[in-house]
Amino acid sequence: MYAGFWRRFAALIIDNVLLNVLTSVVMAVVGYDFTGRTQPDIARLFLALCALMVIYFLYWPLFESSPMQATPGKMALGIKVTDLYGGRVGFFKALGRNLGKIISGMTLNIGYVMAGFTVRKQALHDKMADCLVIDKNASAEDLVPLAPSKPWFICLVILATLAPYIIIFLTSAALIGFAMKTYAPSAGSELSYSAESSKQNRDYTASSDAEKFSSGSSNNNADYQSNNEAVATFRYTNAILSLISHFQNVYAEQNGGVYAESFAQLEEKIEGFPKGTGTAGRFKIELGKTYVTAEREAHGTTPYYIITKCYEKKDICLYSEDLNFAAEASDKFRYAEPGLCCLD
């Protein structure tokens, strides 16, 4: 008398096959290429998709509220949808029943499986809509007389169904909020760069590099015999430019990606910026839009050259008219003019 789980499942398969065939027909009408080699007109495809949504939305309610009281799949299995008294359901009741399938699916499909073990073989969405699925030849007298489902029971079922999702959502929101509060910088922290913190910047510190390069200048390294003093000065200047580059990146983070145009701006905005950094011996240090340069004029045996450090990159470039010096001093750095250093 009551349609069990497997008969309803078989009817569902038949209905889905029919809908898939109908979908293919509609898409073929609009010229959809199933091989994927061409694409149909966007406007026509959009209208086709809207038509398919309407078909899927109305397929079950229209058939189940019709005089047949069943979809083609249910008719093939000899079953129909009724109210609790074996009568025909209206369109909106049939629509509500099918929308309730969303809740049945959210219970890991347990709502569907209920049709296999409840008294009147009702799935969760049947109970929510006070409907039955019975043999097409069953009469109202054959039905087991049971009271309609209580509204509070339906609400309780819905809340129980949604509870895991609500808990997951609230837990995720709490974890995200905790992470943002824990790891987000506090107000003014971007401005609290002290001289000590700047000395710990990545690979570059003014003091350690000075010691390293100064000690290196006293060694009789065979690679730097010809211009040992000039090379040591060159290496020391790299450290200064790298330090300036670091502070420029800090400045840009605080000012919408715009770099400082003068050392006065860096000294004013960045706490801990070493004063007098703009002068380094005989070098002329200048700030550019994307790089900082240190220009050294020719003096005695020391050739003219320019050192360039890109703000956002690790590149340090050397440009000199004395190619021998450039090859000797910049064994690990690029050889490029200032304007070309940061282009690639």
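Described below are features of the structure shown in this document. All values derive from a computational prediction rather than experimental measurement.

## Points about the nonpolar core
- Judged by nonpolar contacts, the single largest core of 26 residues is most densely connected at Leu266, Ile285 and Ile307.
- It is helix H11 (residues 228-254) that provides the largest number of residues to this core, a total of nine residues.
- Every residue in contact with Ile307, bar those within four places of it in the chain, is listed here: Phe234, Thr237, Asn238, Leu241, Phe283, Val292, Thr293, Ala294, Ile316, Cys317 and Leu318.
- Within the second largest apolar cluster, nine residues are counted, among which are Ala11, Ile79, Val89 and Ala94.

## Notes on the state of the cysteines
- Per the counting criterion, the structure on display carries two disulfides.
- At a sulfur-sulfur separation of 2.1 Å, the disulfide partner of Cys310 is Cys342. Its S-S torsion of about -105 degrees marks the bond between Cys310 and Cys342 as left-handed, since a negative value means left-handed. You can see Cys310 sitting in strand E6 (residues 305-310) and its partner Cys342 sitting in the segment after helix H14 (338-341), a full 32 residues away along the chain.
- Under the relative-accessibility criterion, Cys342 is labelled buried at 17%.

## Quick notes on the packing of helix H1 (residues 5-29) against helix H2 (residues 42-64)
- Running from amino to carboxyl end, H1 crosses H2 at an angle of 160 degrees, the nearest separation of the two axes being 10 Å. Overall, the two elements H1 and H2 adopt an arrangement that is roughly antiparallel. In the crossing of H1 with H2, the sense of the turn from one axis to the other is right-handed. Contact residues: Leu12, Asp15, Asn16, Leu18, Leu19, Asn20, Leu22, Thr23, Val26, Met27 and Val29 in H1; Arg44, Leu45, Ala48, Leu52, Ile55, Tyr56, Tyr59 and Trp60 in H2.

## Overview of the side chain of Ser66
- With respect to the helices and strands, the residue Ser66 is situated in the loop between H2 and helix H3 (72-77).
- Looking at Ser66, its side chain comes within polar contact range of the main-chain oxygen of Phe63, at 2.5 Å.

## Here's the deal with the environment of Phe283
- Structurally, the position occupied by Phe283 is in strand E4 (residues 283-287).
- On the accessibility criterion, Phe283 (8% relative accessible area) is buried.
- Between the C-alpha atoms of Phe283 and Tyr305, which are 22 residues apart in sequence, the distance is 9.8 Å.
- Among residues more than four places away in sequence, those in contact with Phe283 are Thr233, Thr237, Ala294, Glu295, Arg296, Tyr305 and Ile307.

## Details of the packing of H2 against helix H4 (residues 91-99)
- Put simply, H2 and H4 touch, their axes get as near as 8 Å, and they point 135 degrees apart. Overall, the two elements H2 and H4 adopt an arrangement that is oblique. You can see that H2 and H4 cross each other, and the crossing is right-handed. Residues Phe57, Leu58, Trp60, Pro61, Leu62 and Glu64 of H2 form the contact with H4, whose participating residues are Phe91, Ala94, Leu95, Arg97, Asn98 and Leu99.

## Description of the pairing of E6
- Counting buried residues in E6 gives six out of six residues, a clear majority hidden from the surface.
- The two faces of E6 match: Tyr305, Ile307 and Lys309 on one face and Ile306, Thr308 and Cys310 on the other face are all buried.
- Where strand E5 (residues 291-296) and E6 come together, six bridges link them in antiparallel fashion. The residue of E6 that forms the bridge with Ala294 is Ile307.
- The antiparallel hairpin formed by E6 and strand E7 (residues 316-320) contains five residues in its connecting segment.

## What to know about the packing of aromatic side chains
- By the definition in use, this model includes seven aromatic pairs.
- Note on Trp6 and Phe9: the rings are 6.0 Å apart at their centroids and 90 degrees apart in plane angle, and the pair reads as edge-to-face. Pair noted here: Trp6 and Phe9 are both in helix H1, with a separation of three residues, about one helical turn.
- A relative accessible area of 64% means that Trp6 is categorised as exposed.
- Judged by centre distance (5.0 Å) and plane angle (80 degrees), the ring pair of Tyr59 and Trp60 falls under edge-to-face.
- The class of Trp60 is buried, set by a relative accessible area of 11%.
- Among the aromatic residues, those joined into a ring-pair cluster are Phe5, Trp6 and Phe9.

## Side note on H2
- The end-to-end C-alpha distance of H2 is 34 Å, a good match for the 33 Å that 23 residues give at a rise of 1.5 Å each.
- In H2, a bend of some 40 degrees at Leu58 exceeds every other bend along the element, and Pro61, a proline, comes one to four places later.
- In this structure, the buried side of H2 is in contact with H1, H3, strand E1 (79-83), H4 and helix H5 (101-106).

How each quantity is defined
- Residues numbered from 1 in each chain as written.
- Predicted model: local features only at pLDDT ≥ 70, side-chain atom pairs only at ≥ 80, totals over all residues.
- Heavy atoms only, no water.
- Core = buried A, V, L, I, M, F, W, Y, C linked by side-chain atoms within 4.5 Å.
- Buried < 20%, exposed > 50% of the residue type's maximum accessible area, 1.4 Å probe, protein only.
- Helix = DSSP H or I, 4+ residues; strand = E, 2+ residues; numbered from the N terminus.
- Contact = heavy atoms within 4.5 Å.
- Disulfide = S-S within 2.5 Å.
- Axes fitted to C-alpha atoms, helices over the stretch in contact; angles between N-to-C directions.
- Parallel < 35°, antiparallel > 145°, perpendicular 65-115°, else oblique.
- Left-handed = near helix turned anticlockwise from the far one by under 90°.
- Polar contact = N/O pair within 3.5 Å; in protein donor to acceptor, adjacent residues only side chain to side chain.
- Pairing = 2+ DSSP bridges.
- Phe/Tyr/Trp six-rings, centres within 6.5 Å; stacked < 30°, edge-to-face > 60°.
- Expected span 1.5 Å × (residues − 1).
- Bend = angle between axes of the 7 residues up to and from the residue.

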